[in-house]
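The chain contents come next:
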Amino acid sequence: MMNSSGVAVEARGLTVQRGSRTVLRGLDFTVEPGRITGLLGPSGCGKSTLMRAVVGTQAKVTGTLQVLGSPAGHPSLRPRVGYVTQAPSVYTDLTVRQNLDYFAAVLRPGRAHRDTRRDAVTRALTEVDLTSHEDALAGNLSGGQRTRVSLAVALLGTPDLLVLDEPTVGLDPVLRRDLWQLFHTLAAERSTTLLISSHVMDEAERCHRLLLMREGEILADDTPDALRTAAGTDTVEEAFLHLVDAAATRKENAR
Ligand SMILES: Nc1ncnc2c1ncn2[C@@H]1O[C@H](COP(=O)(O)OP(=O)(O)OP(=O)(O)O)[C@@H](O)[C@H]1O
Ligand SMILES: [Mg+2]
């Protein structure tokens, strides 16, 4: 169920205070359903804070934030939203499959037959390409493999919205490519909405739409093509720099 305007996420005047700082400043943006939206910007600009607001774990959020037609954090969204944090948490003393079995039982207590849960675990393991490591202790995995275990946990419930905080950091180019293929498959075949953060601009080109952030503000909300065309640049990275300069000039002129 989407809201009346057919968007997956809609923010109006979204403001977040962390400590004494205003970390997000009155943001307006939308996330289209069934598409991959990249959330890009330098370290500290507020990407993780924005994602935490969307999944409903961030305190001191003001403004309006609708997610799949309900206010962010509404209990009905729990099974519909998958979230992988920037520092993925897995139980290091359990194997990969045991981790997934555990989360499957927590996510679907009593709702699904054991065999159904087992099938969901097997499917999620295949999707993140960890079948060959299913009996390895999570504590012995590389950072990228652990990220993929967390991603598999998020995929267990076949969520409508997947919020992934820098899921490809530290992965080799082959794995990065494979994960992006998985993201595109999820969007195309399951109509999953994906919101994916990165501070690597070359990943921008793989997204359908982009939210470019800087210092708690959204500089642009558009397709990669439109951003390049509007800025007259060859890459999204150059377009981003162009927007940063334009915003600095505007601020200077406003003084
Ligand atoms: N508990 C806190 N109290 C005060 N400020 C905080 C707190 N947590 C985060 N911040 C500040 O909020 C801002 C946004 O942080 P956030 O983690 O959202 O950035 P980010 O874009 O995800 O960065 P990165 O790319 O490094 O993950 C940063 O300036 C950070 O210092
Ligand atoms: Mg972050």
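Attention in this report is confined to the structure presented alongside it. This one's a predicted model, so the numbers in the text were calculated from it and none came from an experiment.

## A word on the coordination of the magnesium ion (ligand 2)
The magnesium ion (ligand 2) binds to the protein through Ser48 (OG) and Gln86 (OE1); the donor distances cover 2.0 to 2.2 Å. With Ser48 in helix α1 (residues 47–55) and Gln86 in the loop between β6 (81–84) and α2 (96–107), the pair connects residues that are 38 residues apart, well separated along the chain. Assessed through its relative accessible area of 44%, Gln86 is described here as partly exposed.

## Details of the nonpolar core
Within the largest apolar cluster, 47 residues are counted, with the highest numbers of intra-cluster contacts made by Leu151, Phe183 and Leu194. No other element matches helix α5 (residues 173–190), which puts 7 residues into this core. Not counting the four nearest positions on each side in its chain, Phe183 is found in contact with Ile36, Leu151, Leu164, Pro167, Leu194 and Ile196. Core analysis: the next-biggest nonpolar cluster, separate from the first, contains 28 residues, Val23, Cys45, Leu161 and Val163 among them.

## Re the layout of surface pockets
Roughly 870 Å³ of volume is contained in the largest pocket. Looking at the largest pocket, it is lined by 26 residues, and the ones nearest its centre are Arg78, Val81, Gly82, Tyr83 and Leu107. Of all the elements in the fold, those that place two or more residues in the lining of the largest pocket are β6, α2 and α4 (143–155). The dominant element in the lining of the largest pocket, judged by the number of residues it contributes, is β6, at 4 residues. In the lining of the largest pocket, the residues fall into 15 nonpolar, 8 polar and 3 charged. There is about 230 Å³ of room inside the second largest pocket. Lining the second largest pocket, in full, are Arg25, Arg214, Glu215, Glu217, Ile218, Leu219, Val244, Ala247, Ala248, Arg250 and Lys251. When residues of the lining of the second largest pocket are traced back to their parent elements, those giving at least two are β10 (217–222) and α7 (236–254). In terms of residue class, the lining of the second largest pocket is built from 5 nonpolar, no polar and 6 charged.

## Examining the packing of aromatic side chains
Inspection of every chain in the model, using the stated rule, returns 4 aromatic pairs. Relative to Tyr102, the ring of Tyr91 lies with its centre 5.4 Å away and its plane at 90 degrees, an arrangement referred to as edge-to-face. Of the two residues, Tyr91 sits in the loop between β6 and α2 while Tyr102 sits in helix α2, which places them 11 residues apart along the sequence. When its relative accessible area of 38% is taken as the criterion, Tyr91 is described as partly exposed. A connected cluster of aromatic rings, assembled from ring pairs, spans Tyr91, Tyr102 and Phe103.

## Some remarks on the packing of α4 against α5
Relative orientation of the contacting elements α4 and α5 amounts to 10 degrees, with a least axis distance of 13 Å. As the angle between them shows, α4 and α5 are arranged roughly parallel. In contact with Arg148, Leu151 and Leu155 of α4, α5 contributes Leu175, Leu179, Leu182, Phe183 and Leu186. Considered class by class, the residues forming the contact of α4 with α5 number 7 nonpolar, no polar and 1 charged.

## Section: α2
The end-to-end C-alpha distance of α2, which contains 12 residues, comes to 17 Å, matching closely the 16 Å that a straight helix rising 1.5 Å per residue would cover. Taken together, the buried positions of α2 are Val96, Arg97, Asn99, Leu100, Phe103 and Ala104. Projected down its long axis, α2 shows its buried positions confined to an angular sector of 155 degrees, all on one face. Of the surrounding secondary structure, the elements contacted by the buried residues of α2 are α3 (114–127) and α4.

Rules of the game
Residues numbered from 1 in each chain as written. Chains lettered and ligands numbered in written order. Predicted model: local features only at pLDDT ≥ 70, side-chain atom pairs only at ≥ 80, totals over all residues. Heavy atoms only, no water. Donors = N, O, S within 2.8 Å, 3.2 Å for Na, K, Ca; no water. Helix = DSSP H or I, 4+ residues; strand = E, 2+ residues; numbered from the N terminus. Buried < 20%, exposed > 50% of the residue type's maximum accessible area, 1.4 Å probe, protein only. Core = buried A, V, L, I, M, F, W, Y, C linked by side-chain atoms within 4.5 Å. Contact = heavy atoms within 4.5 Å. 1 Å grid on protein atoms, 1.4 Å probe; cavity = no way out; pocket = protein on both sides within 12 Å on 5 of 7 lines; lining within 4 Å. Points joined across faces, edges and corners; volume = space filled by probe spheres on them. Nonpolar A, V, L, I, M, F, W, Y, C, P; charged D, E, K, R; others polar. Phe/Tyr/Trp six-rings, centres within 6.5 Å; stacked < 30°, edge-to-face > 60°. Axes fitted to C-alpha atoms, helices over the stretch in contact; angles between N-to-C directions. Parallel < 35°, antiparallel > 145°, perpendicular 65-115°, else oblique. Expected span 1.5 Å × (residues − 1). Arc of directions from axis to C-beta.

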